[in-house]
Amino acid sequence: MSEILTVSGDESGEMEPASLRSAESISDSEEFLFDTVTGRNSGSGNGISEIANDRLAELTINKLKFEEMGLVGRSEEFATLQNCLSRMMSSFQQPKQDDAENDSSDVPPESSLVQSLVKKELCFIKGFSGVGKTRLAQELKKEVANYENLVFVQGKFDVNNASERPYSALGKAFSAILRELRIQKKDSQIGVLLRNSSVGTAVGMLLNLIPELEKFGVTHKKTGWSKSSFDNSLHRWKFAFRSLTRVLTLVASPLVIVLDDLQRADLPSLEMIQHLISDIRNTNPLMIIGCFRSNEVDSYSVLTGKIDDLQRVKERYGFNVTDIALWSCELEDIHEMIMAMMAIDDQSISQDLAELCFKRTMGNPFFLVEFMKMLQREELISFSLGLMKWTFDVNEIEESTMSTANVATLLQNRIRFLSKDVQELLQLAACLGMNFRVETLLVLWKMRNPSQDESTILDEVRSMLSKAERELLVEGNGYNLYQWVHDKVQEAAMTLNTPDHLNAIQFQVGQQLLLGLDENLLEDDLFKITNLVNRGTEKINIEFAALNLRAAKKARSISAFEASARYAEKGINMLPSNVWIMDRSLALDLYTIGAHMQLISGNIDKADEYSKEIFNQKDISVMETLPMRIARAWTLSSVESKHAEATEYVIHLLRELGYNQIWRVGLAPAQALSAFRRTLKLIKEAPKDFYKSLEIVNDEKQGAISDLLHLLHYSSYMSGRLFLAAVSCCKDVELTMKQGITHNSARSFCNLGGFVLHLQEDYKTTLRLGECAFAIQDIIGEANKGITIQEAHTNGLCFAKPLQQSIPLLAEAYNLSMRAGDTEYANWSLLFSVAMVPYITGKKLGPLLEECQKALTHVEEGGRADHVVTLKLMIHLIKNLQGKNGRQSLRSTGAYFIPDEWKTTSIYIGTVHFTQCEILFFSDLEAAADISIQNGDLLKKSLPGTILTMIDNFHQAVSLYVMARRTKKRKYKVAAKRLRKILQRWEKAGNPNVVHFVMLLDAEDAALSKKIEAATEKYKQAIVFAGRNGELHHAGMFNERYADFLLDVCDDPEGAKYQFSNAIQYYQDWGADGKVGELQEKCERL
C-alpha cells in the first residue's frame, strides 16, 4: 500500500500535516495535480515543498466528503416527514396582514373559539444515539425552503442542565426564531405585533428565558400593583409561550421547531409542548419535531406518558401525532455512505471495507463517521494524489481496529490529537453545556493568564475554537455562540479525565464564573453556574448556600418548582449549624422557599420538616412564618379541597396576627347581620369621590390580614358556610375603607354586592358596590382586573344590567385573567361567557353546544374539577334538550370523575341542582314542581347572588303555576306566588332581565284565577317581548304556555293549535328537537 501523505506531531501534541515526500520523489503527474488543485505555479521543487506545507490543509480532494453522504437508507422515514408537512400546509391559507396585526386577543367577541382549520403536526423521531434522528429532521429544512415565510429552528435539552432549567430547549428555539426573523429584516413587523398583542403582559417572564426579545423593542413595564401566587405562575408561563407562538406564527409560516434529546426534557417543558400544539386558537401552521433516544425511555418514563396523553387528545385539539422509528443502517446503506464519502463509483473496490465498517460500527451512521475519521487520522486509509484514489488495506484495518470499543473512545482519541491548550479549552466548554458563549470561555481562559492582555486572550480563544470547528467538534452560529456538533462529542470532552478530576474541574469552573462574570451574564448562566458548584462540592459554605437560594428563587419565578425545591435543599445542606446566628435572613429565606416548593411539589413531610426548623427558633415572629403558612392554607383549600380544615386554619392565623374580629364559626349568622349593617352604613355614608382618594396599603401586616380574609371567604364559601363568607367579605371591605387598598379590595366589594342581593335584594346598593369596585380597580391597575370584571358581572351587576352586555365583558375578563396566569377565574369567565349567559338568553343550542365543547378543551387544561364538571353538566343539559341523550337522567352522564370531597362544595351542589331542574322543566313539569317544593331555595343558598338564580326562580315558578292549575293543590299555588313576588320585587328594583318573566307569571296567575282577558293580554305581551329579545327558548315556552291556557281554560283547540305551532317553530330555531317532538305529538292529538 503506497502512502502519499504522512502526519507527524509537534512537541505540543498538535498534529499537523507534514511535508510531502521530497520533490524529487514526486512524479510529474503528482506535481501537476498538486499545482492544479492549489492554483499555484509549482516552479522548483522547493516551491512544491513550500506549497505542501502552506496549502495542503486547504485541499478537499484528499479529504473524506462526509457532506456527500446524504440521507442514505432513510427515504421511507423522510417521506413520512414530508407527508406531515404537506398535510399541514395543504389546509393553510395565509392570513391577511391586517388580520394578523389585529389578532391580539385570546377570545374574540362573543367568546367564539374558532376551531383551527390547520392541523398542526407533532412528530416524534426515536432511535439509538447516532442513528441520524437530528439529521433526518434537518433534511426537512431543504423541503420547506420553498415556503416564503419559513422559519426552521432547533433546540436541544442539555445533558447537564435539562432538569434544572425548565424550558431551556424551548428558550433556545424561540431565541433562534427571533434571530432568524431579524436576519429576514422583520424586526419592526414583529416588534409591532409583540407590543400590540397579549405577549406584552407576559414579557417580563419571557425576557428571563428569551433575552432576544429586547432587540425587538419589547421591554418589561409594570402594569399595576400586583401580588401573584405561586399556583398562578405555571399558567402565566403557558399563556406567555402560547401568546408568543401565536404572534411568531403570523409571520413565520410554516414554523418548524426541532427539539433534540427529548428524553432529557423536564416535565414543564413537555407540558408546554402539549400546550403549544393543542392551541386551537392558533390557526397558523406549526410543526414540532421531537427527537429522543429510545433506549433511554421505557414504558414508565414521563416522556412515554406524555406521548400517550397526546395521542389521546389529538382529535379533540386538532393536531396529528406521527411516530418515526430509526434503526441502525443495513450493510448496503453503510456501503453507499462509504462510497459517497470516498467518491468511489465501483462497489467492488469498497465492498470489503464496507463489510468491516458495518461490523465495527453495527450500522450506526455517527459511529461510522468517527470510525472513518480515525482510519484517516491513523493513516489506515489515505488518498493518493498520484493514483487519484483512496488506498487502504482491509486486513491491516481489521487487525488495527480489533480493540476499538465505542464511539466515545474514538472521539476522545480525536480530541487528544489536538494541542493541550485546545483540549483544556474544550474541557472547560463541555462544563458549560451543549451551548456556550465566547465571553464565558474568555472569563475562564483569562484566569489562567491574568496578566495577559484581554484582546490577546480573546484572539487565542477564537483561534482554538476555529481549530475545534475545523475538526467538526463544535460549530458557531455567528453570534459568538457555539454548540457541540453532537452530545457524544461533549461527553467525550468531559470524560477525558477521571470522574474525581472532572468534579474538581466543574467546581473550579463554577467558582471562576461566579467571580468573573458580570451581573447580566451571571444571571443568564445562573443555573449552569450553580449546578457546576453543586456537582463539585458538598462543603458547608454560606456563599454557595446563597447562590443556591438565588437559583431557587429564579427557578420558582419560571414555575420550575421541583428544581427550586432541589436548589433550596442543596442550599440548606450547605448551611452551618450556627447559621441562625451568622445569617438569620439567609436561613429564613432558604427554609421558607424550601417549605413552599416542597409543599407545591406534594412533599408534605419535607415541607413540615423545614417548617419545624423555622418554628423552633425562639425569636421567630408570626410575620416571618406567615408566607409559608398562607401557602399551606391555600394548598389545603385549592389543592386538597379540604375547605373546612382550611377555614379553621385561617381563623387561627388571623388570631395569631392579633386580628380577633372573626367570631366563632357557630356565631357566623349573627355576626354576618351585624357586619352587614355596619359595612353598608360605611359605604352609604362615604362620599362618591371617597374611593378615588384611597391609597395602596404598604403595611405588610395589613396586606397579610387582607390575604387571609380573602382566603377565608373562599374556603368558607366552598364549604357551604355562607354567613362566614359574608363576614370575611365585610371585614375586608371595612379594612379597605379604614386602612387603604390591597390587591383583594376590588373583588371584596364585588362579592359583597352578591351578598347584598342575596340577603337584601338591594339593587341600588349593589350598583354602588360595583362602581366602588371599579374605582378601586383603577387605582390598582391591571392586577386582578379580570377577577373584578368577572365577579361584578356574575354576582351583582348581572341583576342590574342587560345580560347580553356582559358577554363581551366576560370575554375580556377571560383574557385578563389568562394573562395573569389565573386560570381559575379565567375559566369561570369563559364558562359564563360561552355557556351560562348564552343559555339564559336563549341562544341557539347547536352553536352553543359547539362553543361549549370547544371551551371544554380550554377548561380541561386548567385541571380543576369544578370547572370541568360545571361545563360538562351544561353540555349534558344542551344535549338533553336536543334529544341526543334520549332523555337520560343526570346520573347517567358518567362524564367526569368527581372527587368525593368536592361533591360537598356549594358550587357542585348548586350547579347539579340547576341542571336537574332545567332538564325536568322542559321534559317533566310535575317532577320539576315537586323538586321546587322540596329544595326550591337550594341554588340560592348554595350560590347566593349567582346569575343562574334569575332563570331558576322563573322556571320553578312556571312549573308550580302549571301544577297549581292542573291539581288545584294549595302547596303549588303558595310556592308559585312566593316566587312571583320575588321576581316582581326584582323588576321593581330595576332588573331589566326579568321584565318578561314577570309578564308571563302575571299571565299564569291570571289564568289560575280564570281572568281570561288579563291573562290573554299578558301572554301576548310576554311573547312579543321574548321574541324581540331574541330569547328563542322563552318565546317557544311562552307560546306553549299560552296554548295550554287556550286549550284548558278557554276551550279553544284551534287557537291552541296555532300557538303550539308557533312554539314548535321557536323550539326548532332554538334547536330543542326533543321538545319539538313532544309538542308535535300533542298537536296531532288535537
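Residues numbered from 1 in each chain as written. Predicted model: local features only at pLDDT ≥ 70, side-chain atom pairs only at ≥ 80, totals over all residues. Heavy atoms only, no water.

Per an unreviewed UniProt entry, the protein goes by Orc1-like AAA ATPase domain-containing protein and derives from Cylindrotheca closterium.

S.K.: How do you make sense of the sheet that holds strand β6 (residues 286-293) when you look at a structure like this?
M.R.: Here five strands make up an open sheet; going across it, the order is β4-β5-β6-β3-β7 and the pairing parallel. Only two strands of the sheet have a single partner each, and these edge strands are β4 (151-156) and β7 (319-325). When the angles between neighbouring strand axes are averaged without regard to direction, this sheet yields 15°. Bridge count between strand β3 (residues 120-127) and β6: seven bridges; the pairing is parallel. Along β6, the bridge assignment pairs Glu 121 with Met 287. On the sheet, helix α5 (residues 133-144) packs against β3, β4, β5 (255-260), β6 and β7 and is oriented at approximately 160° with respect to β6. Against the sheet, helix α10 (residues 267-277) engages β3, β5, β6 and β7, with an angle of about 145° to β3. (Pairing = 2+ DSSP bridges. Helix = DSSP H or I, 4+ residues; strand = E, 2+ residues; numbered from the N terminus. Axes fitted to C-alpha atoms, helices over the stretch in contact; angles between N-to-C directions. Contact = heavy atoms within 4.5 Å.)

S.K.: Could you clarify how one ought to interpret the packing of helix α31 (residues 668-685) against helix α33 (residues 722-739) in this entry?
M.R.: Packed helices, taken two at a time, are described by the angle between their axes plus the distance between the axes. Remark: α31 packs on α33, axes separated minimally by 9 Å, with the N-to-C direction vectors making an angle of 30°. One way to sum up the angle between α31 and α33 is to call them roughly parallel. In this structure, α31 meets α33 at a crossing whose hand is left-handed. Each of Ala 668, Pro 669, Gln 671, Ala 672, Ala 675, Phe 676, Arg 678, Thr 679, Leu 682 and Ile 683 in α31 lies in contact with α33, whose residues at this interface are Phe 723, Leu 724, Ala 726, Val 727, Cys 730, Lys 731, Val 733, Glu 734, Met 737 and Lys 738. Considering only residue class, the contact of α31 with α33 consists of 14 nonpolar, two polar and four charged. (Parallel < 35°, antiparallel > 145°, perpendicular 65-115°, else oblique. Left-handed = near helix turned anticlockwise from the far one by under 90°. Nonpolar A, V, L, I, M, F, W, Y, C, P; charged D, E, K, R; others polar.)

S.K.: How should I be thinking about the pairing of β6 in this particular structure?
M.R.: Across a regular strand the side chains alternate sides, sitting on one face of the sheet and then on the other. The buried fraction of β6 amounts to eight of the eight residues, a majority that puts the element mostly inside the structure. Side-chain alternation along β6 places Leu 286, Ile 288, Gly 290 and Phe 292 on one buried face and Met 287, Ile 289, Cys 291 and Arg 293 on a second face that is also buried. Across five bridges, the pairing between β5 and β6 is parallel. Paired with Val 258 across the two strands is Ile 289, which belongs to β6. In this view, the connection linking β5 to its parallel neighbour β6 by way of α10 has right-handed handedness. (Buried < 20%, exposed > 50% of the residue type's maximum accessible area, 1.4 Å probe, protein only. Right-handed = clockwise from strand over helix to strand, strands pointing away.)

S.K.: I keep staring at the side chain of Gln 790 and nothing clicks. Help me out?
M.R.: Mapped onto the elements, Gln 790 comes out in helix α36 (residues 785-795). For Gln 790, a relative accessible area of 4% puts it in the buried group. Setting aside residues no more than four positions away along its own chain, Gln 790 makes contact with Leu 810, Ala 813, Tyr 825, Trp 828, Ser 829 and Phe 832.

S.K.: Even after reading the chapter, I still don't get the nonpolar core, so can you show me in this structure?
M.R.: Generally speaking, a soluble globular protein has its nonpolar side chains buried in company with each other. Within the largest apolar cluster, 166 residues are counted, with the highest numbers of intra-cluster contacts made by Phe 241, Leu 259, Leu 262, Met 342, Met 372, Leu 441 and Trp 484. The residues touching Phe 241, leaving out its near neighbours within four places in the chain, are Tyr 167, Leu 170, Phe 174, Leu 209, Ile 210, Met 272 and Leu 276. Membership of the second largest hydrophobic core comes to 129 residues, among which are Cys 798, Leu 830, Leu 877 and Ala 1022. (Core = buried A, V, L, I, M, F, W, Y, C linked by side-chain atoms within 4.5 Å.)

S.K.: Quick question: what am I supposed to make of α33 here?
M.R.: Side chains that are three or four residues apart share a direction in an α-helix, a result of its 3.6 residues per turn. Between its first and last C-alpha atoms α33 spans 25 Å; for 18 residues at 1.5 Å apiece the expected length is 26 Å, and the two agree. Extensive coverage of α33 is indicated by the burial of 15 of its 18 residues. Among the residues trailing α33, Gly 740 stands out with phi positive, at a value near 130°. (Expected span 1.5 Å × (residues − 1).)

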